[in-house]
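Chains, contacts and geometry: an overview
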Amino acid sequence: MPGRREEFFSALGLRRKLQQCSAGWLNRRLPRSHSATLNQRRIFILPTRNGLYFLLMTVVLFLGGINYANSLILLVALMLVSLFLVAILHTYANLSGLTLESGRTQPAFVGQEAAIGIRLHSGRREHQSIQLSWPGLLPQRLDLVDNASCAIKLLLPVTQRGLCRPPRLRVESCYPLGLLRAWSWVALDSQCLVYPQAIEDSYPLRDARGGGQGERLAQQGSDDFDGLRRYQDGDNPRRIAWKSYAREGRLYTKVFASYSAEAHWLEWGAYAGMAQEARLSRLCYWVLRLNQQQRRFGLRLPGVELPPDYGDPHRLRCLKALALYGLGVDGGLADNAVTRAPSSRVEPSA
């Protein structure tokens, strides 16, 4: 058993070394870029399994033709060889000239799939049965005809928050006969923002200092009557001002206004004793929940403070702050945040 275990680990180490060497070679030969056009430097081609069977059958026919001095069998063998050589040219040409560009990406949460946008442009020829895939995932097939271009989104599972750089994209095709596979590894210079995983947990919410009724949210509540406006299709019939209709002959809708609760602070110190990722996940949950409830809230992290606000722009700023916390990446937070010294400490809310 110890001998087999050592052989296993030695083979595993050799495999890792080969992967590192091949990755380094690819980085030198095919560096990252915003766009990449496939040419003879980027395209690799080898026979498929069916192609190897095809070559084996051709060799058997050729040997049989020589052995039995049968010119017809030799002619068939030579025709098969010619077909294989022509297939090499057509398989290579199906990828040659194809241009890939990095497109827009959509943020995702840890444990979900990020949508990576990719735009493809055809060259001077049509490109049939092109397959795009990330390593270890199922490919997505498409065709580019009539000098067309298309934009697609490939889903990539993400397991770590921050800025995710997609791995190399595998572009391959076995068109037209399936005897050969032409492929390329394309490294597009794109990145995707990954938010922490939202984990539900209780939180001791602390109201912001100050009294009063709170901030008025016009035409979003049902607490206080706020006036009338002209009726619009889709308005609730229960809120139609029938008295005004009887008096003026025009339809009006009653408008109500509600007042938001006092602003709340989401603070780093509220989950004292937890690991960093556990704190960020719980704060992420409360950012989503308070935003869904349309409540004003602020976010305090060591070194960053976002003042109380509400709405989707504020939610995105808070999620970005949580995603990039501790990674040494600014990500444009300085324009929307009040930064403090990294050594400052936020005490747990009461």
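Conventions we followed
Residues numbered from 1 in each chain as written. Predicted model: local features only at pLDDT ≥ 70, side-chain atom pairs only at ≥ 80, totals over all residues. Heavy atoms only, no water. Pairing = 2+ DSSP bridges. Helix = DSSP H or I, 4+ residues; strand = E, 2+ residues; numbered from the N terminus. Axes fitted to C-alpha atoms, helices over the stretch in contact; angles between N-to-C directions. Parallel < 35°, antiparallel > 145°, perpendicular 65-115°, else oblique. Contact = heavy atoms within 4.5 Å. Nonpolar A, V, L, I, M, F, W, Y, C, P; charged D, E, K, R; others polar. Salt bridge = Lys/Arg side-chain N within 4 Å of Asp/Glu carboxyl O. Buried < 20%, exposed > 50% of the residue type's maximum accessible area, 1.4 Å probe, protein only. Left-handed = near helix turned anticlockwise from the far one by under 90°. Phe/Tyr/Trp six-rings, centres within 6.5 Å; stacked < 30°, edge-to-face > 60°.

Backbone hydrogen bonds are what pair the strands of a sheet, in a parallel or an antiparallel way. Spatially, S1-S3-S5-S8 is the arrangement adopted by the 4 strands of the open sheet, whose pairing is antiparallel. Looking along the sheet, the strands with just one partner apiece sit at the ends: strand S1 (35-37) and strand S8 (149-157). Between one strand axis and the next, the sheet turns by 25° as a mean value, whatever way the strands run. Strand direction decides the pairing type here: strand S3 (residues 99-106) and strand S5 (residues 113-121), joined by 6 bridges, are antiparallel. The residue bridging Gln106 from the neighbouring strand is Ala115, located in S5.

Where helix H5 (residues 276-292) contacts helix H6 (residues 312-324), the axes come no closer than 10 Å and their chain directions differ by 180°. Here H5 is positioned roughly antiparallel relative to H6, judged by the angle of their axes. Residues Leu280, Leu283, Cys284, Val287, Leu288 and Asn291 of H5 pack against Asp312, Arg315, Cys318, Leu319 and Leu322 of H6. Classifying every residue of the contact of H5 with H6 gives 8 nonpolar, 1 polar and 2 charged.

Oppositely charged side chains can pair when the atoms bearing their charge come close. As enumerated under the stated definition, the model contains 9 salt bridges in all. Notably, a salt bridge pairs Glu172 with Arg181, separated by 3.1 Å at the nearest N-O pair. For Arg181, a relative accessible area of 30% puts it in the partly exposed group. One salt bridge connects Asp201 with Arg282, and the closest N-O pair in it is separated by 2.8 Å. You can see Asp201 sitting in the loop between strand S12 (192-195) and strand S13 (206-207) and its partner Arg282 sitting in helix H5, a full 81 residues away along the chain. Residue Arg282 is classed as buried on the basis of its relative accessible area of 15%.

On to the packing of helix H2 (residues 49-68) against helix H3 (residues 71-95), then. Orientation of H2 relative to H3, taken along the N-to-C sense of each, is 155°, at an axis distance of 8 Å. Between H2 and H3, the angle falls in the class roughly antiparallel. By crossing handedness, the relation of H2 to H3 is classed as left-handed. Each of Gly51, Phe54, Leu55, Met57, Thr58, Leu61, Phe62, Gly65 and Ile66 in H2 lies in contact with H3, whose residues at this interface are Ile73, Leu74, Val76, Ala77, Leu80, Val81, Leu83 and Phe84. Looking at the contact of H2 with H3 residue by residue, the classes come out as 14 nonpolar, 3 polar and no charged.

With that settled, the discussion passes to the packing of aromatic side chains. Summed over the entire model, instances satisfying the criterion amount to 5 aromatic pairs. Aromatic pair Phe54 and Phe84: ring centres 6.2 Å apart, planes at 15°, arrangement stacked. Separated by 30 residues along the polypeptide, Phe54 in helix H2 and Phe84 in helix H3 bring together distant segments of the chain. Per residue, the accessibility class of Phe54 equals that of Phe84, and both read buried. Ring geometry for Tyr285 versus Trp286: centroids 5.6 Å apart, planes at 80°, classification edge-to-face. Trp286 matches Tyr285 in its accessibility class, with the two residues each being buried.

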